[in-house]
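Letter by letter, the chains look like this.
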Amino acid sequence: MEEKKNRKTIRLDRYLAEMQVGSRSQVKNLIRQRQVTVNGQTVLRPETQVLAGSDCITVRGQQICYVQTEYYMMNKPAGVVSATKDTREKTVLDLLKDAKRNDLFPVGRLDKDTVGLLLITNDGELAHRLLSPGRHVDKVYEAAIKGRVTGQDVDAFAAGVDIGDDKPCLPANLTILESGEISRVRIKIREGRYHQIKRMFQAVEKEVLFLKRLSMGNLKLDETLKEGEARPLTPEETERLKAL
Ligand code: URA
């Protein structure tokens, strides 16, 4: 099935640009300079249609295989932004060195100072399903909180905290791991509002000092990944996510 989906017809220059051989104009130049072959024949027209996943494309003698979709899990470090491009700040994509495609994006955002699980893909359909507000995909975080987190906070989160939006938050599960001057908690939310967890704690007069995402739906952070590292999802992880 995957094999069949990979066989699509695509312009040669787009194929090469998607596989990050160069920008669209750079690959056009390569083609015109007779550096590109399709099934052993030198091709001079960038608009030549090729069968991705089936035709054999080479650039300067090196085979360029086509990859239709990529899925990576990153353990996002603090200090990088969840964006594809940023002229001033380092982005999560700057950390993803082994990606084949040029159209990857992070699925949802973590704040610059938040660490942990971030899915990066070019599968727009999956991203839409995971982020769509009506789907309520669970996200689990661990946090360090300034102040003593109490049973009252647990009840407030379970009832749905008002963070100043049109509607209060959906009920969230707050588990106290340690309560003290600095508390440690685990929290499960079903939405993805802007700065949601920080604003939920603000609403009960507390401050988030550290925030780490542990899971999104059935995808769990691989704790062997150091902050800043990423790895492709396994076929099982990808299938389970798609089946959510
Ligand atoms: N909630 C926040 O406040 N920040 C994040 O990065 C994620 C959830």
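Residues numbered from 1 in each chain as written. Predicted model: local features only at pLDDT ≥ 70, side-chain atom pairs only at ≥ 80, totals over all residues. Heavy atoms only, no water.

## Looking at the overall build of the protein
Worth spelling out the cut-off: Helix and strand assignments come from DSSP, with helices taken as H or I runs of at least 4 residues and strands as E runs of at least 2, each series counted from the N terminus. Every residue pair with non-hydrogen atoms within 4.5 Å of one another is taken to be in contact. Using a 1.4 Å probe, the Shrake-Rupley method yields the accessible areas, and only the shown protein chains count as cover for residues. In this count, Lys and Arg are taken as positive residues and Asp and Glu as negative ones, while His and the chain termini are left out. Charge positions come from single atoms, namely NZ of Lys, CZ of Arg, CG of Asp or CD of Glu.
Scanning the protein from N- to C-terminus turns up seven helices and 15 strands. The principal-axis extent of the C-alpha atoms belonging to the protein is close to 70 × 35 × 35 Å. Long-range contacts, defined as pairs at least 24 residues apart, comprise 64% of the intrachain contacts of the protein with a sequence gap of at least 6. For the protein, the exposed area adds up to about 13,300 Å²; of that, 47% sits on carbon and sulfur atoms. Counting 42 positive and 35 negative side-chain charges, the protein places the averaged centre of each group 6 Å from the other.

## As for the site of the ligand
Here is the rule: For each residue, the test is whether any non-hydrogen atom lies within 4 Å of the molecule or strand; if one does, the residue is near. Polar contact is defined as a pair of N or O atoms within 3.5 Å, subject to the rule that within protein one atom must be able to donate a hydrogen and the other to accept it, and that residues adjacent in sequence are counted only when both atoms are side-chain atoms. The residue classification treats Ala, Val, Leu, Ile, Met, Phe, Trp, Tyr, Cys and Pro as nonpolar and Asp, Glu, Lys and Arg as charged. All others, Gly included, are polar.
In the region of the ligand, the neighbouring residues are L110, D111, T114, Y141, H195, Q196, I197, K198 and L211. The contact in question runs from a nitrogen atom of the ligand to an N or O atom on the side chain of D111, over 2.7 Å. Here the ligand has 240 Å² of accessible area as a free molecule, and 96% of this is covered by the chains. The leading source of residues in the shell around the ligand is helix α6 (residues 196-203), at three residues. Looking at the shell around the ligand, its residues break down into four nonpolar, three polar and two charged.

## Some thoughts on the pattern of salt bridges
Rules: Salt bridge criterion: a side-chain nitrogen from Lys or Arg within 4 Å of a carboxyl oxygen from Asp or Glu. Throughout, exposure labels follow a simple rule: accessible area from a 1.4 Å probe, protein chains only, divided by the maximum for the residue type, with under 20% read as buried, over 50% as exposed, and the rest as partly exposed.
Within the structure shown, the criterion is met by 22 salt bridges. As a salt-bridge pair, R186 and E142 come within 3.0 Å of each other at their nearest N and O atoms. One end of the pair, R186, is in strand β12 (residues 182-189); the other, E142, is in strand β10 (residues 139-146), and 44 residues separate them in sequence. Owing to a relative accessible area of 36%, R186 belongs among the partly exposed residues under this scheme. Between K206 and D153 there is a salt bridge; the shortest N-O distance is 3.0 Å. Placement of the pair is K206 in the loop between α6 and β13 (207-216) and D153 in helix α5 (residues 151-159), with a sequence separation of 53 residues. Residues K206 and D153 agree in their burial class; the two are buried. Through salt bridges that share partners, R11, D13, R24 and K28 make up one connected network.

## Regarding the sheet that holds strand β6 (residues 62-63)
Inclusion rule: Only when DSSP finds a minimum of two bridges between them are two strands counted as paired.
The four strands lie next to each other as β3-β2-β5-β6, forming an open sheet whose pairing is antiparallel. Unpaired on one side and paired on the other, β3 (41-42) and β6 mark the two borders of the sheet. The pairing of strand β5 (residues 57-59) with β6 spans two bridges and is classified as antiparallel. Paired with T58 across the two strands is Q63, which belongs to β6.

## Section: helix α4 (residues 124-131)
Filter applied, for reference: What the arc describes is the spread of directions from the helix axis to the C-beta atoms.
Within the span of α4, buried status applies to L126, A127 and L130. Burial along α4 is one-sided: seen end-on, the buried residues are contained in an arc of 100 degrees. Seen from the open side of α4, the exposed residues pointing more than 90 degrees away from its buried face are E125 and H128. Near the N-terminus of α4, the side chain that reaches the backbone nitrogen of E125, with its oxygen 3.2 Å away, is that of D123.

## A closer look at the side chain of D111
Mapped onto the elements of the fold, D111 is located in the loop between β8 (105-106) and β9 (115-121). What makes D111 buried here is its relative accessible area of 18%.

So, to be careful, I would describe these as geometric facts and stop short of saying anything about function.
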